[in-house]
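# Structural description and commentary
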Amino acid sequence: MGAHDLLPYEVAERADPARELIGLRGTCEAEALEPTARAQIATLLKAVPEAGAPGGPPVVGIYPLELEGEIHFFVGIDEGAAKGPLSGLERERLSATRLAVTTHRGDYAELQLAYFPLLAYAHERALTPAETVRETYVDDPALVDSDSVRTEVALPIQARGVPNGAPQPTEE
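Residues numbered from 1 in each chain as written. Predicted model: local features only at pLDDT ≥ 70, side-chain atom pairs only at ≥ 80, totals over all residues. Heavy atoms only, no water.

### Let's talk about the pattern of salt bridges
As a reminder of what qualifies: Every case where a carboxyl oxygen of Asp or Glu lies within 4 Å of a side-chain nitrogen of Lys or Arg is listed as a salt bridge. For the purposes of this entry, the term helix denotes a DSSP run of H or I that reaches at least four residues, the term strand denotes a run of E that reaches at least two, and both are numbered from the N terminus. Partly exposed describes any residue whose relative accessible area lies between the buried limit of under 20% and the exposed limit of over 50%, with all areas from a 1.4 Å probe on protein chains only and scaled to the type maximum.
One pass over the full model with this rule turns up 12 salt bridges. Here Arg-19 and Asp-78 are joined by a salt bridge, their closest N and O atoms 3.0 Å apart. Of this pair, Arg-19 sits in strand 2 (residues 19-29) while Asp-78 sits in strand 4 (residues 70-78), and the two are 59 residues apart along the sequence. Judged by its relative accessible area of 17%, Arg-19 is buried. A salt bridge links Glu-92 to Arg-25, with the nearest nitrogen and oxygen atoms 2.7 Å apart. Here Glu-92, found in strand 5 (residues 90-94), pairs with Arg-25, found in strand 2; they are 67 residues apart in sequence, far enough to count as distant.

### Observations regarding the side chain of Arg-134
To be explicit about the condition: N or O atoms within 3.5 Å of each other form a polar contact, as long as, within protein, one can give a hydrogen and the other can take it, and as long as residues adjacent in sequence are counted only when both atoms are side-chain atoms. In what follows, a contact means two residues having at least one pair of non-hydrogen atoms within 4.5 Å.
Positionally, Arg-134 belongs in strand 8 (residues 132-137). In this structure Arg-134 comes out as buried when scored by relative accessible area, which is 7%. Here the side chain of Arg-134 touches Asp-16 through a polar contact of 2.7 Å, side chain to side chain. Apart from the residues lying within four places of it in its own chain, the contact partners of Arg-134 are Asp-16, Gly-61, Ile-62, Leu-94, Ser-95, Thr-97, Leu-99, Glu-152, Val-153, Ala-154 and Pro-156.

### Describing helix 2 (residues 115-124)
Of the residues making up helix 2, those classed as buried are Tyr-115, Pro-117, Leu-118, Tyr-121 and Ala-122. Among the residues trailing helix 2, Ala-126 stands out with phi positive, at a value near 55°.

### So, the nonpolar core
Applied cut-off: Buried residues of nine kinds, namely Ala, Val, Leu, Ile, Met, Phe, Trp, Tyr and Cys, make up a nonpolar core once their side-chain atoms join them within 4.5 Å.
Counting 35 residues, the largest nonpolar core has Val-59, Tyr-63, Phe-73 and Ile-77 as its most contacted members. Elements that contribute at least two residues to this core include exactly strand 2, helix 1 (33-47), strand 3 (59-64), strand 4, helix 2, strand 8 and strand 9 (150-159). With 5 residues, the next largest nonpolar core counts Leu-21, Val-60, Ile-62 and Leu-94 among its residues.

### Examining the environment of Ala-39
When you line up the elements, Ala-39 lands in helix 1. The class for Ala-39 is partly exposed, based on a relative accessible area of 40%. Sequence separation of Ala-39 and Gly-26 is 13 residues, and the distance between their C-alpha atoms is 9.6 Å.

### Describing the confidence of the model for the protein
Applied cut-off: What pLDDT expresses is the predictor's confidence in each residue, scored from 0 to 100.
Across the protein, the average pLDDT comes to 86, with 87% of residues at or above 70. Taken element by element, the protein is modelled with least confidence in helix 1, mean pLDDT 91, and with most confidence in strand 6 (residues 97-105), mean pLDDT 96. Under a pLDDT of 50 for its full length, residues 165-172 has, in the predicted model, 11 contacts with residues more than four places off or in other chains.

### Topic: a negative patch on the surface
Note the threshold: The patches described consist of residues with a relative accessible area above 30% and no salt bridge, like charges being joined within 9 Å and nonpolar side chains (Val, Leu, Ile, Met, Phe, Trp, Tyr) within 5 Å. Each accessible area is a Shrake-Rupley estimate made with a 1.4 Å probe; only the visible protein chains count as cover when residues are assessed. Charge counting follows a simple rule: Lys and Arg are positive, Asp and Glu are negative, and His as well as the terminal groups are ignored. One atom stands in for each charge, and that atom is NZ of Lys, CZ of Arg, CG of Asp or CD of Glu.
Taken together, the side chains of Asp-107, Glu-110, Asp-145 and Asp-147 present a region of like negative charge at the surface. Tracing the chain through its elements places Glu-110 in the loop between strand 6 and helix 2. Residue Glu-110 is classed as partly exposed on the basis of its relative accessible area of 45%.

### Section: the packing of aromatic side chains
The line we're drawing: Each aromatic pair joins two rings of Phe, Tyr and Trp (for Trp, the six-membered one) with centres within 6.5 Å, and gets the label stacked for planes under 30 degrees apart, edge-to-face for over 60, and tilted for any other angle.
Evaluation of the coordinates by the stated rule reveals 2 aromatic pairs. Measuring from centroid to centroid gives 5.7 Å for Tyr-108 and Tyr-137, while their planes differ by 80°, and the two rings are edge-to-face. One end of the pair, Tyr-108, is in the loop between strand 6 and helix 2; the other, Tyr-137, is in strand 8, and 29 residues separate them in sequence.

Structural data, given as structure tokens:
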């Protein structure tokens, strides 16, 4: 492993339009987040079979940045990608925002490593991170080798001192 392999994350910034997700909410203690989120995702995949399938819409997880105490989270897919009747699912609206984004490649147990470069990116540019992070599960670990599974990690950011919802400066 070379020195560049220790933090192999490139961070990019992009605008994300407002989105409507449909999925499931979950609540658990912080230490139980991974198995609880996996169970919610499995339930979502049963309700929306096209989610996570090859060529289908990826599952998106919305998690708090601070993982302490009781955790409230959401897992879903873009509402427009869902087919057929969807009973028992809830909607989550994601506001348009700027994102700092990186891609984690590998086992979910190491996914937290992708958060550090995102937080460093925000800090170095005097940006304020949101209280939640978005994880988009690009690959299904049942179909892809665990070392190759891709997860996009996106941290909503804004210029310091800019109220939520106010227009933000964009980088061209």
